[in-house]
Amino acid sequence: DSVRETLSATLVAPASGPDAQRVTVRGRAVELVQVPMLVAPVAVGTAIRASDVAWIEVRSERVLQGTATTIEQLVGQTPRRPVRANEPVKLSDLQAPVVVAKNATVTMVLESPGLQLTAVGRALANGGVGDVVQVMNAQTRTTVEGIVEGPGRVRVTTRRPSAIGQQAANSR
């Protein structure tokens, strides 16, 4: 029955002869899909490696929107919270590895053609490479927005260079 996704079949064994027995088998057809999953728990904050990931077949209705469907969505990410092994992984349970920790001292960098200004700041949030974070200039206490470039380094994205430039002008 295609509406209820059920099936029915009659099996005859052996195929012919006086001892043939008939058995009716009923069941339900389900669609299976392959999704990546963790082979073992990965600690919160630990980067997921390719060797931590394998494929598992699950019923298609268990693959909800926001579920990782490729290995690339998992590798290099870190769990935000404990993630169970051998189950589909929700993308919302993953994050980029934190390379700038909240309240950590960072170098703020402001670049324009022919000019690079740097200042010391304090990150106001955790961030991974490419994340936008708020940073407070340690000297002027001005808060600016920047993009995490790497450990301890944030590129300032504000159009107001005064956040760093003010410190450079004050130090002359």
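Residues numbered from 1 in each chain as written. Predicted model: local features only at pLDDT ≥ 70, side-chain atom pairs only at ≥ 80, totals over all residues. Heavy atoms only, no water.

Let's talk about a nonpolar patch on the surface
Threshold: A patch consists of residues whose relative accessible area exceeds 30% and which take part in no salt bridge; residues with like charges are grouped when within 9 Å of each other, and nonpolar side chains (Val, Leu, Ile, Met, Phe, Trp, Tyr) when within 5 Å. Values of accessible area rely on a 1.4 Å probe in the Shrake-Rupley scheme; residue burial ignores everything except the protein chains shown. Salt-bridge detection follows one rule: a side-chain nitrogen of Lys or Arg within 4 Å of a carboxyl oxygen of Asp or Glu. Secondary structure elements are taken from DSSP: a helix is a run of H or I of four residues or more, a strand is a run of E of two residues or more, and numbering for both begins at the N terminus. Think of it in three bands: with a 1.4 Å probe and only protein chains considered, a residue is buried below 20% of the maximum accessible area for its type, exposed above 50%, and partly exposed in between.
Taken together, the side chains of Leu11, Val23 and Val25 make up a nonpolar region of the molecular surface, amounting to roughly 240 Å² of accessible area. Its location among the elements puts Val23 in strand E2 (residues 21-28). Residue classification places Val23 among the partly exposed residues on the basis of a relative accessible area of 44%.

Focus: the sheet that holds strand E7 (residues 105-112)
We apply this condition: In this description, strands pair whenever DSSP reports at least two bridges between them. Structural elements are reduced to axes, namely lines fitted to C-alpha atoms, with helices fitted over the stretch in contact, and the angle between N-to-C directions of any two is expressed from 0 to 180 degrees.
With mixed pairing, the five strands of this closed barrel are ordered in space as E7-E8-E9-E10-E11. Geometrically, the sheet is characterised by an average inter-axis angle of 55° between neighbouring strands, direction not taken into account.

Some thoughts on the side chain of Asn137
Of note, Asn137 is situated in strand E9 (residues 132-137). Residue Asn137 is classed as buried on the basis of its relative accessible area of 0%.

Some details on the pattern of salt bridges
Per the counting criterion, the structure on display carries six salt bridges. Between Arg84 and Glu87 there is a salt bridge; the shortest N-O distance is 3.8 Å. You can call Arg84 exposed: its relative accessible area is 62%. Among the residues examined, Glu87 registers a relative accessible area of 26% and is labelled partly exposed. Three or more residues joined by partner-sharing salt bridges are found here, namely Glu149, Arg153 and Arg155.

Comments concerning the layout of surface pockets
Note the following rule: Two kinds of site are reported from a 1 Å grid over the protein atoms alone, namely cavities, where a 1.4 Å probe fits but cannot get out, and pockets, open sets with protein on both sides within 12 Å along at least five of seven lines, and residues are called lining when an atom falls within 4 Å of a point. Grid points are joined across faces, edges and corners, and a volume is the space filled by probe spheres set on the points. Basically, the charged four are Asp, Glu, Lys and Arg, the nonpolar ten are Ala, Val, Leu, Ile, Met, Phe, Trp, Tyr, Cys and Pro, and anything else, Gly included, counts as polar.
Considered as a void within the structure, the largest pocket measures approximately 220 Å³ in volume. Lining of the largest pocket is provided by Arg62, Leu64, Thr67, Pro82, Val83, Arg84, Glu87, Pro88, Val89, Lys90 and Asp93. A per-class count over the lining of the largest pocket returns five nonpolar, one polar and five charged.

A closer look at the nonpolar core
Counted only if it meets this: Note on terminology: a nonpolar core comprises buried Ala, Val, Leu, Ile, Met, Phe, Trp, Tyr and Cys residues joined through side-chain atoms within 4.5 Å.
Counting residues in each nonpolar core, the largest one holds 13 residues, and the members touching the most others are Val100, Val106, Met108, Val135 and Val154. Listed by contribution, the elements that provide at least two residues to this core are E7, strand E8 (115-123), E9, strand E10 (143-150) and strand E11 (153-156). One finds Val42, Ala68, Leu74 and Leu94 within the second-largest nonpolar core, a separate group that totals nine residues.

Some remarks on unusual backbone geometry
The omega angle of the peptide bond from Ala13 to Pro14 is -20°, so this bond is cis rather than trans. Mapped onto the elements, Pro14 comes out in the loop between strand E1 (6-13) and E2. At Asn86, a residue that is not glycine, the phi angle is positive and equals roughly 65°. In this structure, Asn103 is a non-glycine residue whose phi angle is positive, near 75°.

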